[in-house]
Amino acid sequence: SIGVATVRPLIYAYLRAREGASEQEDAQVRRELTAYAQREGFTVAESFVERPWLSGTSALDALIETIEQTGVRDVVVPSLNHFSRAGQHASLEKAVIEKQIGAQIWSLHR
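This structure is a prediction, so every number in the text was calculated from the model and none was measured.

(A) Broad picture of the pattern of salt bridges. Going through the model one piece at a time under the given rule, you end up with three salt bridges. Between Glu-25 and Arg-18 there is a salt bridge, and its shortest N-O distance comes to 2.7 Å. Note that Lys-94 and Glu-98 form a salt bridge whose closest N and O atoms lie 3.1 Å from each other. In this pair, Lys-94 and Glu-98 both sit in helix 3 (residues 94-101), four residues apart, roughly one turn of the helix.

So this is what it looks like as C-alpha coordinates:
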(Lines give C-alpha, C1' and ligand atoms only; values in the text may rest on other atoms or scores of the structure.)
Protein backbone atom coordinates (compact mmCIF):
# COMPACT_ATOMS: atom_id res chain seq x y z
CA SER A 1 0.00 0.00 0.00
CA ILE A 2 1.12 3.53 -0.69
CA GLY A 3 1.73 5.64 2.41
CA VAL A 4 -0.50 8.68 2.30
CA ALA A 5 0.79 11.69 4.22
CA THR A 6 -1.85 12.73 6.67
CA VAL A 7 -2.47 16.43 6.76
CA ARG A 8 -2.15 17.65 10.31
CA PRO A 9 -4.46 20.39 11.54
CA LEU A 10 -2.82 23.79 11.94
CA ILE A 11 -2.17 25.51 15.24
CA TYR A 12 -0.76 28.94 16.08
CA ALA A 13 1.90 29.50 18.74
CA TYR A 14 1.70 32.52 21.03
CA LEU A 15 4.18 33.66 23.62
CA ARG A 16 5.13 36.76 25.53
CA ALA A 17 8.90 37.15 25.33
CA ARG A 18 10.70 37.97 28.55
CA GLU A 19 12.27 41.43 28.43
CA GLY A 20 16.00 40.98 28.09
CA ALA A 21 15.62 37.39 26.87
CA SER A 22 18.18 36.32 24.31
CA GLU A 23 17.30 35.30 20.76
CA GLN A 24 18.34 31.77 21.80
CA GLU A 25 15.91 31.76 24.72
CA ASP A 26 13.04 32.88 22.47
CA ALA A 27 13.99 30.27 19.85
CA GLN A 28 14.12 27.56 22.53
CA VAL A 29 10.58 28.39 23.73
CA ARG A 30 9.33 28.31 20.13
CA ARG A 31 11.01 24.91 19.62
CA GLU A 32 9.30 23.57 22.75
CA LEU A 33 5.91 24.84 21.55
CA THR A 34 6.46 23.29 18.11
CA ALA A 35 7.50 19.93 19.61
CA TYR A 36 4.47 19.91 21.92
CA ALA A 37 2.12 20.81 19.06
CA GLN A 38 3.56 18.00 16.91
CA ARG A 39 3.11 15.48 19.76
CA GLU A 40 -0.54 16.58 19.94
CA GLY A 41 -0.92 16.04 16.18
CA PHE A 42 -0.66 19.64 14.92
CA THR A 43 1.58 21.64 12.61
CA VAL A 44 2.50 25.13 13.81
CA ALA A 45 1.41 27.54 11.07
CA GLU A 46 2.81 30.70 12.61
CA SER A 47 4.29 31.99 15.87
CA PHE A 48 3.11 35.24 17.43
CA VAL A 49 5.66 36.72 19.84
CA GLU A 50 4.62 39.55 22.15
CA ARG A 51 7.39 42.07 22.81
CA PRO A 52 5.52 45.00 24.41
CA TRP A 53 8.70 47.00 25.13
CA LEU A 54 9.67 46.95 21.43
CA SER A 55 6.55 47.86 19.52
CA GLY A 56 3.20 49.48 19.89
CA THR A 57 1.56 46.66 17.97
CA SER A 58 0.08 43.71 19.78
CA ALA A 59 0.93 40.16 18.77
CA LEU A 60 -2.26 39.06 20.56
CA ASP A 61 -4.38 41.36 18.39
CA ALA A 62 -2.60 40.01 15.29
CA LEU A 63 -3.26 36.45 16.49
CA ILE A 64 -6.98 37.11 17.02
CA GLU A 65 -7.26 38.78 13.61
CA THR A 66 -5.48 35.84 11.95
CA ILE A 67 -7.78 33.34 13.72
CA GLU A 68 -10.80 35.26 12.42
CA GLN A 69 -9.39 35.33 8.87
CA THR A 70 -8.18 31.72 8.64
CA GLY A 71 -10.57 29.81 10.86
CA VAL A 72 -7.68 27.98 12.56
CA ARG A 73 -9.11 27.38 16.02
CA ASP A 74 -6.16 26.15 18.09
CA VAL A 75 -3.40 28.05 19.88
CA VAL A 76 -0.45 26.62 21.82
CA VAL A 77 1.15 28.67 24.62
CA PRO A 78 3.90 28.03 27.20
CA SER A 79 1.33 28.81 29.94
CA LEU A 80 -1.81 30.88 30.42
CA ASN A 81 0.33 33.56 32.10
CA HIS A 82 1.53 34.57 28.64
CA PHE A 83 -1.88 36.19 28.10
CA SER A 84 -1.65 38.45 31.13
CA ARG A 85 -0.65 42.02 30.42
CA ALA A 86 1.84 42.32 33.26
CA GLY A 87 1.41 39.12 35.21
CA GLN A 88 -1.46 40.61 37.20
CA HIS A 89 -3.78 37.73 36.29
CA ALA A 90 -1.80 34.79 37.61
CA SER A 91 -4.87 32.56 37.57
CA LEU A 92 -6.29 33.39 34.19
CA GLU A 93 -9.43 31.52 33.26
CA LYS A 94 -8.75 29.30 30.26
CA ALA A 95 -12.41 29.41 29.19
CA VAL A 96 -12.45 33.21 29.33
CA ILE A 97 -9.34 33.48 27.15
CA GLU A 98 -10.67 30.87 24.72
CA LYS A 99 -13.88 32.87 24.35
CA GLN A 100 -11.89 36.10 23.94
CA ILE A 101 -9.61 34.81 21.19
CA GLY A 102 -12.07 32.38 19.64
CA ALA A 103 -9.80 29.35 19.82
CA GLN A 104 -8.97 26.34 21.95
CA ILE A 105 -5.81 26.81 24.03
CA TRP A 106 -3.17 24.13 24.43
CA SER A 107 -0.83 24.93 27.30
CA LEU A 108 2.60 23.39 27.92
CA HIS A 109 2.49 24.23 31.62
CA ARG A 110 -0.44 24.78 33.92
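(B) Here's a closer look at the pairing of strand 2 (residues 43-50). Here strand 1 (residues 10-16) pairs with strand 2 via seven bridges, running parallel. Paired with Tyr-14 across the two strands is Phe-48, which belongs to strand 2. Taken together, strand 1, helix 1 (residues 23-39) and strand 2 form a β-α-β motif whose crossover is right-handed.

(C) Up close: the side chain of Asp-26. Within the fold, Asp-26 resides in helix 1. Accessibility expressed as a relative area gives 5% for Asp-26, which makes it buried. Look past the residues within four positions of Asp-26 in its chain and what remains in contact with it is Ala-17, Ala-21 and Arg-51.

Rules and cut-offs
Residues numbered from 1 in each chain as written. Predicted model: local features only at pLDDT ≥ 70, side-chain atom pairs only at ≥ 80, totals over all residues. Heavy atoms only, no water. Salt bridge = Lys/Arg side-chain N within 4 Å of Asp/Glu carboxyl O. Helix = DSSP H or I, 4+ residues; strand = E, 2+ residues; numbered from the N terminus. Pairing = 2+ DSSP bridges. Right-handed = clockwise from strand over helix to strand, strands pointing away. Buried < 20%, exposed > 50% of the residue type's maximum accessible area, 1.4 Å probe, protein only. Contact = heavy atoms within 4.5 Å.

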